Amino acid sequence: NWLANNLKWDAGSWRPDHLADRLAFGLTHFDELCAGAPDEFGATFARALNRQARHLFRLGEIGRAEADNFRLWRGAIIAALHLPGFRRQLPEAIKRLEIAASEQILSDGGHFARSPQAHLDALAALIQTRAALFAACVEIPERLQSTIDRMAPMLRAYCHADGGLALFNGAHESNKVTVERVLDLSGSVAKPASSAPHTGFHRISAQRTTVIFDVGTPADSAPLVPGHAGTLSFEMSVGPHRMIVNCGSVHYSGGSDELAQALRATAAHSTLTVANTHSADLVPGAGYGDRRARNVLVRRREQDRNVLVEGQHDGYVETFGLIHRRSLYLARDGSDLRGEDILESTKSTGQSFDIRFHLHPSARASLVGGGRSVLLRLPTGRGWRLEISEGTLSLEGSIYAGGDLLRQTSQIIINDRHTHRRTINKWRLAREE
């Protein structure tokens with residue numbers, strides 16, 4: 001049915017990266033797809049793949065805003081390896097893949113889109129390409145191998161102990177088996193990267209506690225990755241249990257455009273929001289407007305296995321004249337996370353702000369201590385307590401779109417007002433003995 005309905009060019013089904021995917025998987029699994037089919041199907045399918053390969057190789061320069069270049073050149077290389085008429089195209093396809101790797105994978109191994117999901121997909125495409133070249137007895141390009149080697153520890157840095165991805169910039173948990181398989185096939189045994197200065201993430205781990213902190217400049221990679229206004233947000237897990245999360249993204253059927261846009265908001269992330277305003281202008285659909293955090297600074301210090309990471313961004317300078325600074329300190333036993341959120345300006349602005357901690361649906365929260373602290377319970381029964389220095393504490397509803405379905409959950413909110421040139425809010429999340 002697909003062959004009958006899509007023999008002619010169509011903007012959707014013949015989009016370069018979609019077409020390349022069909023070539024990659026259609027040719028890799030050609031025998032299995034034809035097994036048991038009528039005799040004429042194999043010939044018809046082969047003609048269709050050859051026609052699509054001709055179209056792919058006729059395309060000129062493909063910008064990264066038009067297609068996923070790693071999927072694109074994976075398809076082209078596999079087509080050149082499997083289809084005799086296109087073997088001469090192989091050197092150029094490999095060269096274009098290497099150019100894409102040099103342009104889109106940063107020095108620390110992170111994907112330029114700053115999305116764990118885009119990173120996983122890109123690494124999987126590169127690994128499959130390497131496997132296809134190896135099977136065809138073609139020498140593996142040095143840049144391809146070195147890129148895979150750099151990307152694997154960064155993928156580990158994006159993962160919580162449950163094996164799934166952290167929810168930054170359009171990512172969802174993903175299939176944990178897929179993540180594990182990609183890491184296994186990478187061949188890398190390197191530990192998770194603790195800091196990625198070019199991509200803009202820091203991973204802080206102690207004992208069973210993991211914190212993943214977004215301290216990078218938002219990257220406009222629309223439409224491939226929609227772009228979220230989540231600068232200085234963080235996620236936290238204890239053992240295999242996620243506790244503090246971002247809300248996620250729409251990646252399943254039935255998700256509305258309105259929900260997709262809401263999940264891009266600053267308020268959908270575990271960070272500080274000023275006057276219910278995004279820290280970056282979000283263009284409907286994907287991408288950013290003129291205003292976004294551009295001067296994101298970060299410093300990491302470690303002493304006796306205690307770790308402090310300090311970050312700041314200027315996303316609110318243009319609108320409110322405010323700089324947001326956030327510090328996260330994790331004690332070496334993993335039982336004590338201390339945070340400090342600072343809003344700085346040349347004068348008091350009087351603006352209200354909210355510091356949000358979105359909770360994973362498996363975490364249960366209740367206000368205690370006269371409303372000055374929140375008690376959290378993980379599925380193990382282990383308790384954690386959030387205490388604050390200033391502001392008003394409240395519990396409200398939230399949503400979690402990190403898994404296969406949209407789920408209801410809760411969020412902790414610290415509400416305060418910028419009444420001095422430098423307003424400081426300290427909070428502590430500590431394990432209950």
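Please refer to the structure higher up on the page.
Here we summarise the structure given alongside this text. Numbers given to residues run from 1 along each chain, matching the order in which its sequence is written. Where totals are concerned, whole chains, interfaces and linings use all residues; where local detail is concerned, this predicted model gives features only for residues with pLDDT of at least 70, and gives and counts side-chain atom pairs only at 80 or more. Neither water nor hydrogens contribute to the side-chain values; these are computed over all heavy atoms in the structure.

## Re the overall build of the protein
Using the following cut-off: Here a helix means four or more residues in a row that DSSP labels H or I, a strand means two or more in a row labelled E, and each is numbered from the N terminus. Here the globule rule is a power law, 2.2 Å times the number of residues to the power 0.38, and the radius of gyration is based on C-alpha atoms. The classification of residues rests on relative accessible area computed with a 1.4 Å probe and restricted to protein chains. Under 20% of the type maximum is buried, over 50% is exposed, and intermediate values are partly exposed. Only heavy atoms enter the contact rule, under which two residues are in contact if any of them lie within 4.5 Å. Under the convention used here, a 1.4 Å probe and the Shrake-Rupley method define accessible areas, while residue burial counts only the protein chains that appear.
Helix and strand counts for the protein stand at eleven helices and 17 strands. Here the protein has a C-alpha radius of gyration of 24 Å; the compact-globule value for 433 residues is 22 Å, and the two agree. Overall size of the protein, expressed as C-alpha extent along the three principal axes, is 75 × 40 × 40 Å. Classification of the 433 residues of the protein by burial places 54% in the buried group. Across the protein, every contact between residues at least 6 apart in sequence was considered, and the portion connecting residues at least 24 apart equals 64%. With an accessible surface of roughly 19,100 Å², the protein has 49% of that area assigned to carbon and sulfur atoms.

## Examining the nonpolar core
Defined as follows: Only buried residues count toward a nonpolar core, which is a set of Ala, Val, Leu, Ile, Met, Phe, Trp, Tyr and Cys residues joined through side-chain atoms within 4.5 Å.
Ranked by size, the top nonpolar core spans 55 residues in total, and within it Leu23, Phe70, Ile77, Leu90 and Leu133 carry the most contacts. At the level of secondary structure, the elements contributing two or more residues to this core comprise α2 (16–28), α4 (39–58), α5 (69–82), α6 (90–104), α7 (116–135), α8 (142–157) and α9 (176–186). Here this core gets nine residues from one element, more than from any other, and that element is α5. Met243, Leu322, Ile355 and Val374 belong to the second-largest nonpolar core, a separate cluster that totals 38 residues.

## Here's the deal with a positive patch on the surface
Under the convention used in this document: Each patch is built from residues lacking any salt bridge and having more than 30% relative accessible area; the joining distance is 9 Å for like charges and 5 Å for nonpolar side chains (Val, Leu, Ile, Met, Phe, Trp, Tyr). What makes a salt bridge here is a side-chain nitrogen of Lys or Arg within 4 Å of a carboxyl oxygen of Asp or Glu, nothing more. None of His or the chain ends enter the tally, which takes Lys and Arg as positive and Asp and Glu as negative. The location of each charge is read from NZ of Lys, CZ of Arg, CG of Asp or CD of Glu.
A surface patch of like charges, here positive, comprises Lys8, Arg51, Arg54 and Arg58. Within the element layout of this structure, Arg58 appears in helix α4. Its relative accessible area of 60% is what places Arg58 among the exposed residues.

## Focus on the packing of α5 against α6
Applied cut-off: Between N-to-C directions, angles cover 0 to 180 degrees, with each direction set by a line fitted to C-alpha atoms, over the stretch in contact for helices. In these notes the angle categories are as follows: under 35 degrees is roughly parallel, over 145 is roughly antiparallel, 65 to 115 is roughly perpendicular, and the rest is oblique. In this scheme the handedness of a crossing depends on how the near helix is turned from the far one: anticlockwise by less than a right angle means left-handed, clockwise means right-handed. Throughout, the ten residues Ala, Val, Leu, Ile, Met, Phe, Trp, Tyr, Cys and Pro are labelled nonpolar, Asp, Glu, Lys and Arg are labelled charged, and all others, Gly among them, are labelled polar.
Contact geometry of α5 with α6 gives a least axis separation of 9 Å together with a crossing angle of 160°. Accordingly, the angle class assigned to the pair α5 and α6 is roughly antiparallel. Regarding α5 and α6, the two cross each other, and that crossing is left-handed. Within the contact between the two elements, α5 uses Asn69, Phe70, Trp73, Ala76, Ile77, Ala80 and Leu81 and α6 uses Leu90, Ala93, Ile94, Arg96, Leu97, Ala100, Ala101 and Gln104. For the contact of α5 with α6, a count of residues per class yields twelve nonpolar, two polar and one charged.

## Comments concerning the environment of His313
Selection rule: Whenever two N or O atoms come within 3.5 Å, that pair is a polar contact, provided that in protein one can donate a hydrogen and the other can accept it, and provided that, for residues adjacent in sequence, both atoms are side-chain atoms.
Of note, His313 is situated in strand β8 (residues 306–313). Leave out the neighbours within four places in its chain, and His313 touches Thr231, Leu232, Ser279, Ala293, Asn295, Val296, Ile323 and His324. At a separation of 2.9 Å, a polar atom in the side chain of His313 contacts the main-chain amide nitrogen of Gly315.

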